[in-house]
Amino acid sequence: MKNASNRRDWLRKTALFGSAVLVGQNRESLPVSTIAPAVVRRIPISVSTYSYWHFQEQKYPIEKVIEDASRIGFDGVEILHRQMTDETIAYQNKLKRMAFDNGLSLPLLSIHQSFVDPDPAKRKKDIEHTERCINLAVQMGIPCVRMNTGSWRTVKRDAAYYRDGVEPPLKGYTDDDAIKWCIEGMQECLKIAEKAGVVLAIENHWGLSSNIDYLLRIYEPLKASPAMGMNVDTGNFVGEPYAQLERIAPYATIVQAKTYYGGGHYYDKELDYTRIGKILQKANFNGFVSLEMEGKEDPRTAVPKSLELLRKAFTFTA
């Protein structure tokens, strides 16, 4: 009986070993062409609430954007500050809880301010506005706040402006003055952001920042701050965008990706997102891409189409 038991044990072990060898041989013998390429990075994509509301008279509820984003398959929702119903704690907590319940991040709070003003009191007012918005971001658990340089506001925002970005300074002042004001204003805001643990991402958002040389002159003396970042908007370049994108892509903290289905509300651009994706991949960008659908087409059809476009462009493979 002992010999029979030993024999059965030997046969069982031999069978298991043989199966393992066969499985290994079958796996190694698979043709290389049948092995799927490894996904290096699937960039997370959020949608800006602005995609559903282009500063129309009636605000589009942010709550509806959160619900729609979850249903469509976004990874997060960017909140436009001006689209918020109010700034009460209850409302902020409601948005934060809705995002959490729907499995979504809130990666960015987009706000507006301008440091391009010769009046120190007005610049201080925008610093105070930024501080208030940093506190909003902390309350809602948002890690990043979009920042603007501002503009001289000496020309009409028409087709010509969006084509060439030319905006002369106020009489008696220069763009160098405005660059200095922007650096000083951002420095004050960064002191607040560093304590709050929030990133301030300066954007190429027309005005002074339409000039990429100016944008980098502002960014360079500030980049040492742990709270300093850059928000790269694919649709806000004057002229040919790709060379300019290559210049600032290495500094990108977050990217806003514009689409214009149905024609743009302010201007139209044809953007090659396959090319843009490769530029950002080369720059080792790993952060959020946030959709800003700025076309006239109904968001119910244009936003899902935009997500499909961006998923293809920002899923990087070896």
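Heads up: these notes are all about the structure in this document. (Residues numbered from 1 in each chain as written. Predicted model: local features only at pLDDT ≥ 70, side-chain atom pairs only at ≥ 80, totals over all residues. Heavy atoms only, no water.)

### With respect to the side chain of Lys 258
Within the fold, Lys 258 resides in strand β8 (residues 254-259). In this structure Lys 258 comes out as buried when scored by relative accessible area, which is 4%. Polar contacts involving the side chain of Lys 258 include one to the side chain of Glu 292, which spans 2.8 Å. Not counting residues within four places of it along the chain, the set of residues in contact with Lys 258 comprises Asp 233, Thr 234, Gly 235, Asn 236, Tyr 267, Leu 271, Tyr 273, Glu 292 and Glu 294. (Helix = DSSP H or I, 4+ residues; strand = E, 2+ residues; numbered from the N terminus. Buried < 20%, exposed > 50% of the residue type's maximum accessible area, 1.4 Å probe, protein only. Polar contact = N/O pair within 3.5 Å; in protein donor to acceptor, adjacent residues only side chain to side chain. Contact = heavy atoms within 4.5 Å.)

### What to know about the pattern of salt bridges
A full pass over the atoms with the stated rule returns 17 salt bridges. We note a salt bridge from Asp 68 to Arg 71, for which the minimum N-O separation is 2.4 Å. Residue Asp 68 and its partner Arg 71 are located together in helix α2 (residues 62-72), separated by three residues, close to a single helical turn. Of the charged contacts, one joins Glu 292 and Lys 258 as a salt bridge, the two residues approaching to 2.8 Å between their closest N and O atoms. Separated by 34 residues along the polypeptide, Glu 292 in strand β9 (residues 289-293) and Lys 258 in strand β8 bring together distant segments of the chain. Classification of Glu 292 as buried rests on a relative accessible area of 7%. Here the salt bridges share partners, and the residues they tie into one network are Arg 42, Asp 75 and Arg 311. (Salt bridge = Lys/Arg side-chain N within 4 Å of Asp/Glu carboxyl O.)

### Digging into the environment of Leu 208
In this structure, Leu 208 sits in the loop between β6 (199-203) and α7 (212-219). Separated by 26 residues in the primary sequence, Leu 208 and Cys 182 place their C-alpha atoms 9.4 Å from one another. For Leu 208, the residues in contact, after removing those within four places along its chain, are Val 116, Thr 149, Gly 150, Ser 151, Trp 152, Asp 175, Ala 178, Ile 179, Cys 182, Tyr 214 and Ile 218.

### Some remarks on the sheet that holds strand β5 (residues 144-147)
Around the barrel, eight strands lie side by side as β2-β3-β4-β5-β6-β7-β8-β9; this closed barrel has parallel pairing. Across three bridges, the pairing between strand β2 (residues 45-48) and strand β3 (residues 76-80) is parallel. Bridging across to β3, Ser 48 finds its partner in Glu 78. α2 rests against β2 and β3 of the sheet, and its axis sits at about 160° to β3. Packing against the sheet, helix α10 (residues 299-313) makes contact with β2, β8 and β9, and its axis sits at approximately 145° to β9. (Pairing = 2+ DSSP bridges. Axes fitted to C-alpha atoms, helices over the stretch in contact; angles between N-to-C directions.)

### Topic: the environment of Glu 270
For Glu 270, the location among the structural elements is in the loop between β8 and α9 (273-282). Residue classification places Glu 270 among the exposed positions, given a relative accessible area of 81%. Residues Glu 270 and Lys 258, spaced twelve residues apart in sequence, show a C-alpha to C-alpha distance of 9.9 Å.

The quantities given are spatial measurements derived from coordinates; they are silent on function.
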